[in-house]
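Per-entry structural report
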Amino acid sequence: AFARKPSWLRGCVASNKSTAVSAAEKSPGKLTVSAPLHMMGMQSQVAVVRDLPGTTNGYVAIFIDPRRFTQFAEDIPFADEDLISLIGLDGITRARRTGNLLSTGEVVSGLVMKRQMAAPNGTYFGPSVLDGIPRYFSHRRLARFNLFVTSGMPGSLITERIAQRRAVQLGTMAAAIL
């Protein structure tokens, strides 16, 4: 697609050179976040890409460490099975935090994508595609970027917290009666 290789693709592993460009071509005029690109001598990066209006092969790309997308929550305590994730509508995670583990590039086809396509914004209870743990999920689509964000909390943790809250409420009621 290029007369000469764009300078921003020079560090890309050969099999991923077209990933950033195809992301922009699928969404002309939109800002798009590519699937993770494997860079020589670097951690995986995502490219925030936009085609240049009025040009046939003009693109602007900025490489970003996927951890930037979860950095807002780094001071928030996560249980081991809590998760937040930024996922493309192609079913590939751009950034994911499960407990204190960060990852990128997982393919999450299946239930999460079916739910996302059926209802772009909502909540549901179901097993995680990657680890099978039943969680309550909440997801919101970022249509402008062809992405959605999701957060999940294990059903067992919710049940445990409800039981703790009930115990406190019953204790408070018992103390008030006596």
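Now for a description of the structure that goes with this document. Everything numeric in this text was worked out from a predicted model, so none of it was measured.

With respect to the element layout, Ser109 can be found in the loop between strand E6 (101-103) and helix H2 (111-118). For Ser109, a relative accessible area of 48% corresponds to the partly exposed category. Residues Ser109 and Leu130 lie 21 residues apart in sequence; the distance between their C-alpha atoms is 9.5 Å. With near-sequence residues (within four places) excluded, Ser109 lies in contact with Gly91 and Val129.

Tallied over the entire structure, the rule returns three salt bridges. The salt bridge involving Asp65 is made with Arg67; its shortest N-O contact spans 2.5 Å. Note that Arg94 is salt-bridged to Asp90, the shortest N-O span being 2.8 Å. Since its relative accessible area comes to 45%, Asp90 is described here as partly exposed.

Conventions used here
Residues numbered from 1 in each chain as written. Predicted model: local features only at pLDDT ≥ 70, side-chain atom pairs only at ≥ 80, totals over all residues. Heavy atoms only, no water. Helix = DSSP H or I, 4+ residues; strand = E, 2+ residues; numbered from the N terminus. Buried < 20%, exposed > 50% of the residue type's maximum accessible area, 1.4 Å probe, protein only. Contact = heavy atoms within 4.5 Å. Salt bridge = Lys/Arg side-chain N within 4 Å of Asp/Glu carboxyl O.

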